[in-house]
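Residues per chain, in single letters:
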Number of protein chains: 2
Amino acid sequence: MPTLPPAHPGALRATPTLPKRRLRAHAGPAAAPRLPGPPRRGSPAPRPPVTGPVAPVLAAPCRFSACPKKWPSARPCWGSPSPRGCSQLTADHPWSKMMVSCDQAQLMANLVKLIKAKKVIEIGVFTGYNTLNMALVLPDNGRVIACDINEDYVKIGKPLWKEAGVEHKIDLRIKPAIQTLDELLASGEAESFDFAFIDADKESCNEYYEKCLRLIKKGGIIAIDNVLWGGKVLKPRKDDLATQSIHHLNEKLLRDARVNISMLPMGDGVTLAFKL
Amino acid sequence: MPTLPPAHPGALRATPTLPKRRLRAHAGPAAAPRLPGPPRRGSPAPRPPVTGPVAPVLAAPCRFSACPKKWPSARPCWGSPSPRGCSQLTADHPWSKMMVSCDQAQLMANLVKLIKAKKVIEIGVFTGYNTLNMALVLPDNGRVIACDINEDYVKIGKPLWKEAGVEHKIDLRIKPAIQTLDELLASGEAESFDFAFIDADKESCNEYYEKCLRLIKKGGIIAIDNVLWGGKVLKPRKDDLATQSIHHLNEKLLRDARVNISMLPMGDGVTLAFKL
């Protein structure tokens, strides 16, 4: 439970004032959508309006049941039109809950941008929402190695990669992810990646982590999804290999001197491991 | 509520195996404390054991009521001995709930280290737990401008700044924070800071944010604490200036094209604003 601190006197200014004009301006029932502001000098030209398959999807209210915000259509999920469209296209899929939540995707993009990442690994693509989300903040010569074995799911969101103009940044590898990671290591790409996102079969999460740790540079980040696993990690059943595996990795990360960690209680829990 | 995704088939390897030996090794009831591992080449010499006032405090179980983890003594709050000691010394203070949670402090240190910050602003020092926590990960020529008006609280934790060997990195300014920020701007320090942590009187949070945004470099981070304010931000009372002020800043940040944001549901809510 969040605690409610008392008013903090620590840095109180002599005569606190409230920006009343601005408060009134924001007190209406529906806030305006985020505006991009005037173009900055040297910034890229604004993208043309979206006219592809995502356009009608974006006009409808958010249908994605796992979205914690249940945005009405005026305030859709985070992201530029294409990732939002991808999340909406995923909504009717029977496994739509597997998609990362929009606040997680937002944080991943912010971190990828923060560290000026060029090379990213994604283990578990599903319909490609987070793949697209990360590709959009990479530089034009950036690359996401996107690992999955199921191309049927990827096909749901893949058209939006092209529509968003980032298809050239995504290197989709349809084969077991362990095999792809081994190939990257064999081709001399150890310590060359900036960021990895692990969100696939939980039984292999330790192997994914260990191989990603070799592929990531010092100062890079590995994000591991579903570290709470709906709370099951608190008391894993002996016959539940997936939960055992996540629990084991959580315990190991707590003592792993190769990384610093932060376990964030967003979505189903995501741990950030910062490689030392 | 976190959602429990089904087993992800996306990147399933052909024959998933569980690292059974490791699982058994970690299955005991009490996990060993995190070990630092062998010294690395070029790494600084290990610190000598703590012998100052914090030593007996660290031997006792965690007494900090706001600690979400309630660690027993074998697994104390996050941080090296001195910040842990500082959090314990704060436990008996009537306003101990004002201290940042240990998982928040952990994330702040990880971010400061991640972006290789040299210059940090802290608005609201209280007993100096997070000040110390951030100073420890700054380089030796790094600096925290620590703003507060109440030196009595600072005195509780300040001895540990010296004990931890980071006192020279902390520039404590006992005066209204707005005044300190204005002085920094007047002395030509705009766009020279890497990180700011805002956790003071909520009525002024918008002014703190605006001034910090001028002081922070592009690519820097402003972290704003208590953005959930115990849930009160959902329906601020008209006579509650503190809640109105946080609510206003939350709404403004949602549309602020000068930053990207991530609102994290840890502690009482912390928003990270990444300056563009």
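Since this is a predicted model, take the numbers as computed values, not measurements.

Caption draft 1: Examining the pairing of strand S3 (residues 170–174) of chain A more closely. All names here are of chain A. Here strand S2 (residues 143–148) pairs with S3 via five bridges, running parallel. Across the sheet, Asp148 pairs through a bridge with Ile174, a residue of S3. This β-α-β element, S2 to helix H6 (residues 151–163) to S3, shows right-handed connectivity.

Caption draft 2: Layout of helix H6 (residues 151–163) of chain B. All names here are of chain B. Helix length check: H6 (13 residues) gives 19 Å between terminal C-alpha atoms against 18 Å at 1.5 Å per residue, within 8%. Residue Gly157 marks the point of greatest curvature in H6, where the axis turns by about 45°; the proline Pro159 follows within four residues. For H6, the full list of buried residues reads Tyr153, Val154, Gly157, Leu160 and Trp161. Measuring from the backbone nitrogen of Asp152 back to the side-chain oxygen at the start of H6 gives 2.8 Å, which picks out Asn150 as the cap. The positive-phi residue at the C-terminal boundary of H6 is Gly165, with phi of around 75°.

Caption draft 3: Representation of the environment of Gln88 of chain B in the model. All names here are of chain B. The topology assignment puts Gln88 in helix H3 (residues 81–90). By relative accessible area, Gln88 is classed as buried at 5%. Each C-alpha atom, one on Gln88 and one on Thr243, is 29 Å from the other, the two residues being 155 residues apart in sequence.

Caption draft 4: Here's a closer look at the packing of aromatic side chains. All names here are of chain A. One pass over the structure, following the stated rule, counts two aromatic pairs over all chains. With 5.5 Å between their ring centres and 65° between their planes, Phe126 and Tyr153 make a pair best called edge-to-face. Here Phe126 is found in the loop between strand S1 (119–123) and helix H5 (129–135), whereas its partner Tyr153 is found in helix H6, with 27 residues between them in sequence. The class for Phe126 is buried, based on a relative accessible area of 4%. Here the basic side chain of Lys119 rests over the ring of Phe193, its NZ or CZ set 4.3 Å away from the ring centre.

Caption draft 5: Structural context of the side chain of Ser262 of chain B. Among the secondary structure elements, Ser262 of chain B is positioned in strand S6 (residues 259–264). Given the relative accessible area of 1%, Ser262 of chain B is considered buried. In this structure the side chain of Ser262 of chain B is engaged in a polar contact, spanning 2.9 Å, whose partner is the side chain of Asn110 of chain A.

Caption draft 6: How the structure looks around the nonpolar core. Core analysis: the biggest nonpolar cluster contains 80 residues, and Phe195 of chain A together with Phe195 of chain B have the highest contact counts within it. Aside from chain neighbours lying at most four places away, what touches Phe195 of chain A is Met108, Leu111, Val112, Ile115, Lys119, Val120, Ile121, Met134, Ile216, Ile221 and Ala223 of chain A.

Caption draft 7: Region of the structure containing the sheet that holds S2 of chain A. Taken in spatial order, the seven strands make up an open sheet running S3-S2-S1-S4-S5-S7-S6 (chain A), and their pairing is mixed. Where the open sheet ends on each side, the last strands, each with one partner, are S3 and strand S6 (259–264) of chain A. On average, each strand axis in the sheet is tilted by 15° relative to the strand beside it, whichever way the strands run. Here five bridges tie strand S4 (residues 193–198) of chain A to strand S5 (residues 216–225) of chain A, and the two strands are oriented parallel to one another. Bridging from a neighbouring strand, Phe195 of chain A pairs with Ile221 of chain A of S5 of chain A. In this fold helix H8 (residues 205–215) of chain A packs onto S1, S4, S5, S6 and strand S7 (270–275) of chain A, with an angle of close to 155° to the strand it touches most, S5 of chain A. Helix H4 (residues 102–114) of chain B contacts S5, S6 and S7 of chain A of the sheet and is inclined by roughly 130° relative to S6 of chain A.

Caption draft 8: Quick peek at the state of the cysteines. Throughout the structure, instances matching the rule amount to zero disulfides over all chains. Looking at Cys205 of chain A, it has no disulfide partner, and the nearest cysteine sulfur is the one in Cys212 of chain A, 11 Å off. Overall, Cys205 of chain A belongs to the buried group, its relative accessible area being 6%. Free cysteine: Cys212 of chain B, not disulfide-bonded; nearest cysteine sulfur from Cys147 of chain B at 7.9 Å.

Caption draft 9: Just unusual backbone geometry, in detail. Residues and elements named next belong to chain B. In the Ramachandran plot, Lys116 falls in the positive-phi region, its phi being about 50° despite a non-glycine side chain. Relative to the helices and strands, Lys116 is located in the loop between H4 and strand S1 (119–123). You will see that Glu191, though not glycine, has its phi angle at about 55°, which is positive. If you trace the backbone, Glu191 turns up in the loop between helix H7 (177–186) and strand S4 (193–198). Under the relative-accessibility criterion, Glu191 is labelled partly exposed at 45%.

Caption draft 10: The packing of H3 of chain B against H6 of chain B, seen in detail. Residue and element names in this part refer to chain B. Where H3 meets H6, the closest approach of the two axes is 9 Å, and the angle between their N-to-C directions is 170°. Viewed along their axes, H3 and H6 adopt a mutual orientation that is roughly antiparallel. Contacts between H3 and H6 involve Ser82, Gly85, Cys86 and Leu89 from the first element and Ile156, Gly157, Leu160 and Glu163 from the second. Residues belonging to the contact of H3 with H6 are distributed by class as follows: four nonpolar, three polar and one charged.

Caption draft 11: View of the pairing of S2 of chain A. Within S2 of chain A, five of the six residues are buried, which leaves the element mostly enclosed by the surrounding structure. With respect to chirality, the unit in which S1 of chain A leads through H5 of chain A into the neighbouring parallel S2 of chain A is right-handed.

Caption draft 12: Here's a closer look at the packing of helix H8 (residues 205–215) of chain B against helix H9 (residues 241–255) of chain B. Residues and elements named next belong to chain B. Close contact between H8 and H9 brings their axes to 9 Å; oriented N to C, the two are set at 40°. With respect to each other, H8 and H9 are oriented oblique. Taken together, the residues of H9 that come into contact with H8 (itself represented by Cys205, Asn206, Tyr209 and Glu210) are Ser245, Ile246, His248, Leu249, Lys252 and Leu253. Looking at the contact of H8 with H9 residue by residue, the class counts come to five nonpolar, three polar and two charged.

Caption draft 13: Representation of the side chain of Asp199 of chain A. Positionally, Asp199 of chain A belongs in the loop between S4 and H8. Accessibility expressed as a relative area gives 5% for Asp199 of chain A, which makes it buried.

Reading guide: rules and limits
- Residues numbered from 1 in each chain as written.
- Chains lettered and ligands numbered in written order.
- Predicted model: local features only at pLDDT ≥ 70, side-chain atom pairs only at ≥ 80, totals over all residues.
- Heavy atoms only, no water.
- Pairing = 2+ DSSP bridges.
- Helix = DSSP H or I, 4+ residues; strand = E, 2+ residues; numbered from the N terminus.
- Right-handed = clockwise from strand over helix to strand, strands pointing away.
- Expected span 1.5 Å × (residues − 1).
- Bend = angle between axes of the 7 residues up to and from the residue.
- Buried < 20%, exposed > 50% of the residue type's maximum accessible area, 1.4 Å probe, protein only.
- Polar contact = N/O pair within 3.5 Å; in protein donor to acceptor, adjacent residues only side chain to side chain.
- Phe/Tyr/Trp six-rings, centres within 6.5 Å; stacked < 30°, edge-to-face > 60°.
- Lys NZ or Arg CZ within 6 Å of the ring centre and 35° of its normal.
- Core = buried A, V, L, I, M, F, W, Y, C linked by side-chain atoms within 4.5 Å.
- Contact = heavy atoms within 4.5 Å.
- Axes fitted to C-alpha atoms, helices over the stretch in contact; angles between N-to-C directions.
- Disulfide = S-S within 2.5 Å.
- Parallel < 35°, antiparallel > 145°, perpendicular 65-115°, else oblique.
- Nonpolar A, V, L, I, M, F, W, Y, C, P; charged D, E, K, R; others polar.

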